[in-house]
Amino acid sequence: MSDRHFDELATRFAEKIYGGAKGAIRLAVLQADLAEALPERPLRVLDVGAGLGHMSLWLAAQGHRVTLTEPAEPMIEGARQRFAEAGQEATFIQAPWQALPERLEGPFDLVICHAVLEWLAEPQAILPVLRQFTADDGWLSLAFYNRDALIYRNLLKGHFKKLRSGQFAGERQSLTPQRPLDPRELAAQLDAQWRVEHRSGVRVFHDYMPSDFQARAEPAELVEMELAHRRHPAFAGLGRYLHWLCRPR
């Protein structure tokens, strides 16, 4: 298995990942977490696997100096266009994460790695690179596809055969991540170099709602309730994605 890039699926990615309530909830939770934790001064930010640049554009609009890296040309070009339309500036680098030590100089005050690990053949291999680029007093914002939530959703659907097989990877041409992460395994891998200071669930209930309930719910109320329950001790771990804010040890 190799790392997955989105050269051929950029438009579909934009529609599925950031269209509708799912994207609004995702951005709202990530932004709320960062707004609470980050210092109120201009930061040097590195966005690894930046995609179409949604998070980076939000940070740039607040005065932070942002560098976006992304291996897929259609994605990085889409990010350039979004920044240009918004009148914001950034540094754009088209490269896989493996090439970054030769292309960039750190450290950065904030390193973002959102929805990247689950597309990598060896997710743990990127962790030392993320640490290399994070300042000793900096932050790592790590968001990843939660294997626990995928198991729970399959339980609710009665997909017991799939659960017994343990095969959760999405098809090659789908937008279902190829390697959902076990939070406990990732925590163990992080422990030597990072301490996780804040944990939030992203979409802790939305994806479990019956579709007719989803259709009737007001988008603003969905976001409000997701924000209110993102760190609830019983619900946070059910988030379709998990967002961890980490500090170097």
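Residues numbered from 1 in each chain as written. Predicted model: local features only at pLDDT ≥ 70, side-chain atom pairs only at ≥ 80, totals over all residues. Heavy atoms only, no water.

Undergrad: Teacher, can you tell me more about the pairing of strand S5 (residues 134-145) here?
TA: The side chains of a regular strand alternate between both faces of the sheet. Most of S5 sits out of view: 10 of its 12 residues are buried. Bridge count between strand S4 (residues 108-114) and S5: six bridges; the pairing is parallel. Bridge pairing in S5 links Phe108 to Thr134. For the handedness criterion, the β-α-β arrangement of S4, helix H6 (residues 127-133) and S5 is classed as right-handed. By the bridge criterion, six bridges tie S5 to strand S7 (residues 241-248) in an arrangement that is antiparallel. Paired with Ser141 across the two strands is Leu245, which belongs to S7. (Buried < 20%, exposed > 50% of the residue type's maximum accessible area, 1.4 Å probe, protein only. Helix = DSSP H or I, 4+ residues; strand = E, 2+ residues; numbered from the N terminus. Pairing = 2+ DSSP bridges. Right-handed = clockwise from strand over helix to strand, strands pointing away.)

Undergrad: Could you clarify how one ought to interpret the packing of helix H2 (residues 20-37) against helix H3 (residues 54-61) in this entry?
TA: In a pair of packed helices, the angle between the axes and the distance between the axes together describe the arrangement. Close contact between H2 and H3 brings their axes to 11 Å; oriented N to C, the two are set at 40 degrees. The orientation of H2 relative to H3 falls into the category oblique. Classified by chirality, the crossing of H3 by H2 is right-handed. For the pair formed by H2 and H3, the contact residues are Leu27, Leu30, Gln31, Leu34 and Ala35 on the first element and His54, Met55 and Trp58 on the second. Residue composition of the contact of H2 with H3, by class: six nonpolar, two polar and no charged. (Axes fitted to C-alpha atoms, helices over the stretch in contact; angles between N-to-C directions. Parallel < 35°, antiparallel > 145°, perpendicular 65-115°, else oblique. Left-handed = near helix turned anticlockwise from the far one by under 90°. Contact = heavy atoms within 4.5 Å. Nonpolar A, V, L, I, M, F, W, Y, C, P; charged D, E, K, R; others polar.)

Undergrad: Sorry, what's going on with the UniProt feature "binding site: S-adenosyl-L-methionine" (unreviewed entry) in the protein chain here?
TA: When the UniProt feature table is mapped onto this chain numbering, "binding site: S-adenosyl-L-methionine" (unreviewed entry) sits at Arg26, Gly49, Ala50, Glu70 and His114. By the secondary structure assignment, Glu70 is in the loop between strand S2 (65-69) and helix H4 (73-86). Ignoring sequence-local partners within four residues, the contact set of Glu70 consists of Gly49, Ala50, Gly51, Met75, Ile76, Ile93, Gln94 and Ala95. A polar atom in the side chain of Glu70 sits 2.9 Å from the backbone nitrogen of Gly51. Mapped onto the secondary structure, His114 falls in strand S4. Its relative accessible area of 9% is what places His114 among the buried residues. When residues no more than four places from it in sequence are discounted, the contact partners of His114 are Leu30, Val48, Gly49, Met55, Ser141, Leu142, Ala143 and His243. (UniProt positions renumbered as here; feature names shortened; annotations may be inferred. Polar contact = N/O pair within 3.5 Å; in protein donor to acceptor, adjacent residues only side chain to side chain.)

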